[in-house]
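# Report on the structure
One-letter residues, chain by chain:
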Amino acid sequence: MQFLEPKTTEDLIIHPKKIEDIRKWFMLGQQLGKSNRILLLIGASGSSKLSAMKVISKEFDFNVCEWIFKAEVDRELLMEDGDRGYHYKKQSELFQEFLIKVSRYNSIFSQKERILIVKDFPNTFLRKGNEEEFWTILKKYKSIGTNPLVFILTDTNSKSLNIEMNLFPDKIRGQLGIDTINMNPISTTLMKKALKQICAKMKEHEHVDSKFIEPTQSIIDDIIAQSQGDIRNAIMNLQLVSQQGSIDLSMQTKSRTKKAGKAKKTPTDKINKGVGRDEVLGIFHGVGRALHAKKEEDPDTKKIKLTHNPDSVADCFLSQPGNYIELLHSNYLKTFSSIDDVKDFTKIMSASDIFQTEYRNADKLHVLNLNLVIRGAMVCNTEPAKGFRPITGYANKKFRSVEEKCLQEYLSQSTEFNDGHRMSLKDYFVDYTGYLKLFKSFGAGSSSL
Amino acid sequence: MDAFLKSGKLSSSKAGTSTGSQKGVKDKKQKEKPIPWVEKYRPKKVDDVVEQQEVCNVLRDCLNSSDLPNLLLYGQPGTGKTSTILAAAHQLFGEFFKERVLELNASDDRGIAVIRTKVKNFAQLKASSIRPDGKPCPPFKIIILDEADAMTHAAQAALRRTMEKETRTTRFCLICNYVSRIIEPITSRCTKFRFISLTEEKVMERLKLICGQENVKIDDDALMSIVDISGGDMRKAITTLQSSYRIKCGSDVQGTDNPITKVDILEMSGMVPEKFLTDFIQICRKNDFQKLENFVENFMFEAYSASQFFDQLSELIVMDDSITNEQKSIMLDKMGEVAFRLLSGGSEYLQLMNFGSTALMAFEKK
Amino acid sequence: MALWVDKYRPKELSKLDYHKQQAIDLKRLCEQQDFPHLMFFGCSGAGKKTRIQCVLRELYGPSAERLRNETMNFTTPSNRKIEITTVSSNYHIELNPSDAGIYDRVVITDIIKQIAQTNIIDTNGQRDFKVIVLTEVDDLTKDAQHALRRTMEKYVATCRLILCVNSTSRVIPAIKSRCLGIRVASPTHEEIIGILNQICQKENLKLPAELARNIASKSERNLRRAILMLEACKVQKYPFTNNQDVPEIDWQRFLNETANQILMEQSPARLEKVRDRLYELLSQGIPPDIIFKVLVQVLSKKCEVEVKSQIYEFASLYEFRMQMGSKQIYHLEAFVAHFMSIYKKYLIQATEMMMDMDE
């Protein structure tokens, strides 16, 4: 893997436009003579953010300095061992030290300029409430730092881990003039090109891996499909597949299929299920799978069974069962054609809400609940509506602003009536608002307004 | 049980003249000028306790021998569990009651932490066999855990260790409504006593005594209905009496013009008037859905409690011989479900309608 | 200019229009030295709050009516900051702990502690306790209710609680037994008509008997609504006529239309439309239990007894689940789907019967 690292921009398989973007950023920095600029590089995992940075830095003659976080872990471990006397610095302090010292004291060995790259964020900043600290450090850096600073962020689905949202709100970005470049997952064509190049390279350097066997085109295609734009993953898989060559392929397949336990059709598919990373479904895709459940006849038992295992669909959304269920709920009605089926399914949804609300033993319960809902959606719909219905967003989205507005109105008016006593939410909305509107609609001559 | 009685009379060390100043909630109440009648008329001596012969006999023996086993008192509310043990403690320790007795009830925090610290600390204090004023007294302290069935199992488990360790200087007295909610290791360490519900005559007797002393004017009819409502719960009976007295007579010392009537009592206790119950059954029998809807609607407006309604209705249905067993079982089955939902927040209107329509169908069956 | 509802609200116990005996009793209660915790219960618009205000005045005199708004801040164990708005005088404070949602327990324990620990500033006051008025206590979680019961005992020396409750079934028995319950039954139609007439007299209006009766019966024995309706009628058209329309509020009309839509077509597509309408109602702050009740009432009217009984059966199930759960729309929707399914079958059966009859 290391050996395959790209060395020039030509080797990079990112879209040329993006490369140009990054280059521009560098050039702009040089032109303006401002050296302490901050860049935010965002992209899915394995979209070769770091590699791109490294290659382009080289191009512009920068030394790359990466924030490494290991020493830190060791120290923490030391702490836990009970050595309380050990002088221990907070992560945030260390981080600050890194940013400022490294940038100010140039290495004596090289006269090159440096670029700082931060990829692993110190944990402390990820905790809620610590954002301020991070911002202060950034501001400090902005005022005294001398080198460009790049933050590399990986896209995540979960909200709490979303660094981009939490640590770099728009306000801060504007204030500090932070630039942002978004990296897309690597496209299939580029990936194909890259893998081919790699294969070619591997052949050239057969001494590195004498067992190398060139994989067939179909296998490469599958690897690409599996990797979903993650080049790192793709290369690892390629490596694995190519080395396996010596082992009997069919043997391999059998043992793997059992583990994965999924329905498979073609031999290539089998290999990939084994070697590919776990299938990750987008939430929309996952909902679609439950709503447009494919059913097929089992050749052995002649029973109708589901093509996709509900468990494996459920497995993809364990971290966000609430969102998944809500999206499913927003979209299910379009795919049903019989009200009786809907009746059965809503019964399940109603029960599922109770489970979802239950906080005791939530871990296990919510997993089961997710399963229940997915199975419910797959099974209840005996007469699916014809035609494909795309999944749209959450059904209640457009009502949220109304809700917000009404609540604000209530808060501002709740003590205006009733001789200054508090009015309950219920009374306000059920009785007062309606009549107030009436009074207003009759306009002038109203005795009350 | 003999083994229990013989156990631990050992510690005779004289340390600890004062045992800290734990104050139960009850103390605070006593600071208030007017004492609630429930407190005022608590039995002062074990012999005063109404009924519960078995327990009283044992306790009396204990008092004579100045020792006590660990106790577990259980039974319906208002049957005198707390009163009995308090009376016994008073007799044992006299004015040093406060130093020797720690009373904790469900209103105090009673997680494991409390058991670990408060109870343990109190238990570990030494208790001398001689009172500060020189008179002899039993060499142990009593920890009363009221409403013990509300304790978490973890807390109960923590308690069990403490009970074992501190037997020499401390007796525990657990009080609860349902013995089944106390974990087995604890019940086996205690002598169990069941408190039976008080008979109507005893409650009546007590109420009359209080009325006499407090100068309450009240109809016999009203008294009878208090007894009825209380169902053998002395506390409920006395509080109902006092509440109605407060509302009806107030500071008006004579209270002559305003004798408490049965209507007042019913209103006070939140009971649903009989008329609603019989009307309800009548309507269901007639299979008139429209009337049922109207009835329920009106019932809601009267603001009576639906769960109270079901409580009373269940008795009425069970006792009514004109309803067949099958009908009863259908209705009571539904009632259980409906009452549960009510308690968890279900709408009174819908639950009443649900039960009503079930009852209606049940009467149809014949 | 205040609304009539507020303008003609009685301020003293002796001026209450109905439940006069109860008012006398309450007055007597206020005169005594020891004042118990009170719990007022009754339907909305029955006059609970009015009575509470009267009791406060009786206890502390007119200065209990000098009110100010305050916001109290507190932090939950999970470090969330929450604001609660309160209304208070020198002697009492009013708050609705269920405003804090799932953190209501913290409100009960922290805020009440805060209030209870600060003693009354007024030294020559007649009372040595403060009053805390808690509204919508039945909407509190069970956890919070248990905390409340503890609080009631703990701070009985410095403060009294007055609770305001809609349905006592949802209040735990431990709280009920510690309060003196005051039942506030909704005013009867006659009582409402009487009050409407009084108001008209004071406003120098002539109220035809027919219209008064109409308003009373449409108000569902909710006095607040009745008076608002009266004022709406006045705004709409005066002088009054006997058969004048009593204006319906928009959400009621909207909900009735929704029910009709359900009756007209039973299909997933229709359900989706209905769901949007329900969302709209909910987002405008109409409580789901009211939506539920109205829907059930309107829908069940169209069915035979057997079907009705089924409707109530699952309505009570889903309504209960709605109270237990957190996503109200799921349960409302489940109810509508269920109804549609049953109603569709019922219609088919009915037409088949008709056909048989024809033959």
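A brief report on the enclosed structure follows. (Residues numbered from 1 in each chain as written. Chains lettered and ligands numbered in written order. Predicted model: local features only at pLDDT ≥ 70, side-chain atom pairs only at ≥ 80, totals over all residues. Heavy atoms only, no water.)

To continue, consider the overall build of chain A. The helix and strand tally for chain A stands at 20 helices and seven strands. Every one of the 449 residues in chain A was classed for burial, and the buried ones make up 44%. Entry remark: accessible area of chain A is about 24,200 Å², with carbon and sulfur atoms responsible for 54%. (Helix = DSSP H or I, 4+ residues; strand = E, 2+ residues; numbered from the N terminus. Buried < 20%, exposed > 50% of the residue type's maximum accessible area, 1.4 Å probe, protein only. Areas by Shrake-Rupley, 256 points an atom, 1.4 Å probe, with all protein chains shown as cover.)

Looking only at helices and strands, chain B has 18 helices and five strands in total. Split into buried and exposed, the 366 residues of chain B put 54% on the buried side. Relative to all contacts within chain B whose residues are 6 or more apart in sequence, the contacts with residues 24 or more apart total 76%. (Contact = heavy atoms within 4.5 Å.)

Of all hydrophobic cores here, the largest spans 140 residues; its most connected members are A:Y324, B:F309, B:F355 and C:F335. Sorting elements by how many residues they give to this core places helix α14 (residues 328-358) of chain C first, with 12 residues. If we skip the residues at most four places from it in the chain, A:Y324 touches A:I283, A:G286, A:V287, A:A290, A:V313, A:F317, A:L370 and A:I374. Core analysis: the second largest hydrophobic core is formed by 36 residues, C:M39, C:I82, C:I93 and C:M152 among them. (Core = buried A, V, L, I, M, F, W, Y, C linked by side-chain atoms within 4.5 Å.)

Residues separated by three or four positions in an α-helix point in the same direction, a consequence of the helix having 3.6 residues per turn. Over its 15 residues, helix α10 (residues 250-264) of chain C runs 21 Å from end to end, which matches the ideal 21 Å to within 8%, given 1.5 Å per residue. Regarding α10(C), the residues found buried are C:W251, C:Q252, C:L255, C:T258, C:A259, C:Q261, C:I262 and C:L263. (Expected span 1.5 Å × (residues − 1).)

Residue and element names in this part refer to chain C. An order of β2-β3-β4-β5-β6-β1-β7 is seen for the seven strands of this open sheet, with the pairing classed as mixed. On the outer flanks of this sheet lie β2 (68-75) and β7 (180-183), each paired with one strand and no other. Between one strand and the next, the sheet's axes are offset by a mean angle of 25°, whatever the strand orientation. Sheet analysis places strand β4 (residues 92-95) next to strand β5 (residues 130-135), joined by four bridges and oriented parallel. Within β5, the residue paired with L95 across the bridge is L134. Packed onto the sheet, helix α2 (residues 20-31) meets β1 (38-41) and β7 and runs at close to 155° relative to β7. (Pairing = 2+ DSSP bridges. Axes fitted to C-alpha atoms, helices over the stretch in contact; angles between N-to-C directions.)

Our next topic: the pairing of strand β3 (residues 141-145) of chain B. Within a regular strand, the side chains alternate between the two sheet faces. Residue and element names in this part refer to chain B. By the criterion of burial, β3 is predominantly enclosed, with five of the five residues buried. Pairing of strand β2 (residues 101-104) with β3, which is carried by four bridges, proceeds in the parallel orientation. The residue of β3 that forms the bridge with L102 is I143. In this view, the connection linking β3 to its parallel neighbour strand β4 (residues 170-176) by way of helix α8 (residues 153-165) has right-handed handedness. (Right-handed = clockwise from strand over helix to strand, strands pointing away.)

Another aspect to go through is the side chain of B:S244. Residues and elements named next belong to chain B. Mapped onto the secondary structure, S244 falls in helix α12 (residues 234-248). Take S244: its relative accessible area is 1%, and that puts it in the buried class. In terms of polar contacts, S244 uses its side chain to reach the backbone carbonyl oxygen of T240, at 2.4 Å. (Polar contact = N/O pair within 3.5 Å; in protein donor to acceptor, adjacent residues only side chain to side chain.)

Turning to the environment of B:A154, a few remarks are in order. Residue and element names in this part refer to chain B. Among the secondary structure elements, A154 is positioned in helix α8. In this structure A154 comes out as partly exposed when scored by relative accessible area, which is 39%. Along the backbone, A154 and I183 are 29 residues apart, and their C-alpha atoms lie at a distance of 9.8 Å.

Moving on, we come to the interface of chain C and chain A. In this complex, chain C contributes 67 residues to the contact, which on the side of chain A involves 55 residues. Between chain C and chain A lies a buried interface of about 5,700 Å² when both sides are counted; carbon and sulfur atoms form 58% of it. The largest contributions to the chain C side of the interface with chain A come from C:V235, C:P268 and C:Y330, which together make up 12% of the buried area. For the pair chain C and chain A, the interface holds one salt bridge. (Buried area = accessible area lost by both parts, 1.4 Å probe. Salt bridge = Lys/Arg side-chain N within 4 Å of Asp/Glu carboxyl O.)

The next thing to look at is the interface of chain C and chain B. Contact residues are listed per partner, giving 51 residues for chain C and 50 residues for chain B. At the boundary of chain C with chain B, total buried surface from both sides reaches about 4,500 Å², with 51% on carbon and sulfur atoms. Close ionic contact of B:E302 with C:R183 constitutes a salt bridge, the shortest N to O distance being 3.6 Å. There are 20 residue pairs in polar contact (both at pLDDT 80 or more) connecting chain C and chain B.

Another point: the environment of C:Q244. All names here are of chain C. Looking at the secondary structure, you find Q244 in the loop between α9 (223-236) and α10. Residues Q244 and N214 lie 30 residues apart in sequence; the distance between their C-alpha atoms is 9.1 Å. Leave out the neighbours within four places in its chain, and Q244 touches L211, N214, C233, Q236 and K237.

Turning to the sheet that holds β2(B), a few remarks are in order. Residue and element names in this part refer to chain B. Read from one edge of the open sheet, five strands run β2-β3-β4-β1-β5, paired in parallel fashion. Because the sheet does not close on itself, it has two edges, and the strands there are β2 and β5 (191-195). Across the sheet, the axes of successive neighbouring strands diverge by a mean angle of 15°, strand direction being ignored. Note: strand β1 (residues 71-75) against β5, five bridges, orientation parallel. Paired with L73 across the two strands is F193, which belongs to β5.

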